[in-house]
Amino acid sequence: MKYNLKNIMSRAWATFRKYKVLSFAECLHRAWLSAKAVTVNAERITAAKEAAQITEDTDTWSGWKSKGYEVIHGSKALFGCELIWGERGDGAVYQARFFGASQVAAIA
């Protein structure tokens, strides 16, 4: 697999500027972890979506918010899966919950 080195270096520099106590080597390590996690996370999301037999477009709460939608109050997540978060540098795993397009409304 080919990685976009420009994006990895840009992310490393952004992290280096944001967290002044980290060395650049650590920031570069975190950027590589994040880049490698993208494909793994995509596979996990697809597998969880298929296992839950969901066919509609899905995203996380924050993902919908960044697209200009809000999850309707009281909606329950359609499915969840464990994703890798490389930004912290430890490859930590977190539980992500996904909501369907039928559970969101455009932000007024």
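Shown above is the structure to which this text applies.
First, a word on scope: everything that follows refers to the structure included in this document. Keep in mind the model is a prediction, meaning the values are calculated, not measured.

Our next topic: unusual backbone geometry. In this structure, Gln53 takes a positive phi of about 55 degrees despite not being glycine. On the secondary structure map, Gln53 appears in the loop between helix H2 (24-51) and strand E1 (58-59).

Once that is clear, we can look at the side chain of Ser34. Following the sequence through the fold, Ser34 ends up in helix H2. Setting aside residues up to four positions removed in sequence, Ser34 forms contacts with Arg11, Gly86 and Glu87.

Under the defined criterion, the tally for this structure stands at seven aromatic pairs. Ring geometry for Trp64 and Tyr69: centres 5.7 Å apart, planes at 85 degrees, overall edge-to-face. Judged by relative accessible area, which is 34%, Tyr69 ranks as partly exposed. Where Trp85 meets Tyr94, the ring centres are 5.9 Å apart and the plane angle is 65 degrees; that geometry is what we call edge-to-face. Relative accessible area serves as the criterion here: at 35%, Tyr94 is assigned to the partly exposed category. An aromatic cluster is built from Trp13, Phe16 and Phe24, whose rings are joined through pairwise contacts. Its end group placed over the ring of Trp64, Lys67 keeps NZ or CZ at 5.1 Å from the ring centre.

Turning our eyes to something else, we now look at the nonpolar core. Counting residues in hydrophobic clusters, the biggest one holds seven residues: Ala48, Ile54, Phe79, Cys81, Leu83, Ala96 and Phe98. Among the secondary structure elements, those contributing two or more residues to this core are strand E3 (79-85) and strand E4 (92-100). For this core, the element with the highest residue contribution is E3, accounting for three residues. Those residues in contact with Phe98 that sit more than four places away from it in its chain are Ile45, Thr58, Asp59, Thr60, Ala77, Leu78, Phe79, Cys81 and Leu83.

Take the pattern of salt bridges next. Considering all chains together, one arrives at two salt bridges under this definition. Here Glu26 makes a salt bridge to Arg30, at a shortest N to O gap of 3.0 Å. With Glu26 and Arg30 both in helix H2, this residue pair falls four residues apart, about one helical turn. The residue Asp59 makes a salt bridge to Lys67 at a minimum N-O spacing of 2.9 Å. In this structure Lys67 comes out as partly exposed when scored by relative accessible area, which is 45%.

Further remarks concern the sheet that holds E1. With antiparallel pairing, the three strands of this open sheet are ordered in space as E1-E4-E3. If you trace the sheet from one side to the other, it starts and ends with E1 and E3, each paired once. Bridging between E3 and E4 involves seven bridges; their strand directions are antiparallel. From the neighbouring strand, Trp85 faces E4, where its bridge partner is Ala92.

Parameters at a glance
- Residues numbered from 1 in each chain as written.
- Predicted model: local features only at pLDDT ≥ 70, side-chain atom pairs only at ≥ 80, totals over all residues.
- Heavy atoms only, no water.
- Helix = DSSP H or I, 4+ residues; strand = E, 2+ residues; numbered from the N terminus.
- Contact = heavy atoms within 4.5 Å.
- Phe/Tyr/Trp six-rings, centres within 6.5 Å; stacked < 30°, edge-to-face > 60°.
- Buried < 20%, exposed > 50% of the residue type's maximum accessible area, 1.4 Å probe, protein only.
- Lys NZ or Arg CZ within 6 Å of the ring centre and 35° of its normal.
- Core = buried A, V, L, I, M, F, W, Y, C linked by side-chain atoms within 4.5 Å.
- Salt bridge = Lys/Arg side-chain N within 4 Å of Asp/Glu carboxyl O.
- Pairing = 2+ DSSP bridges.

Coordinates in, geometry out; function isn't part of it.
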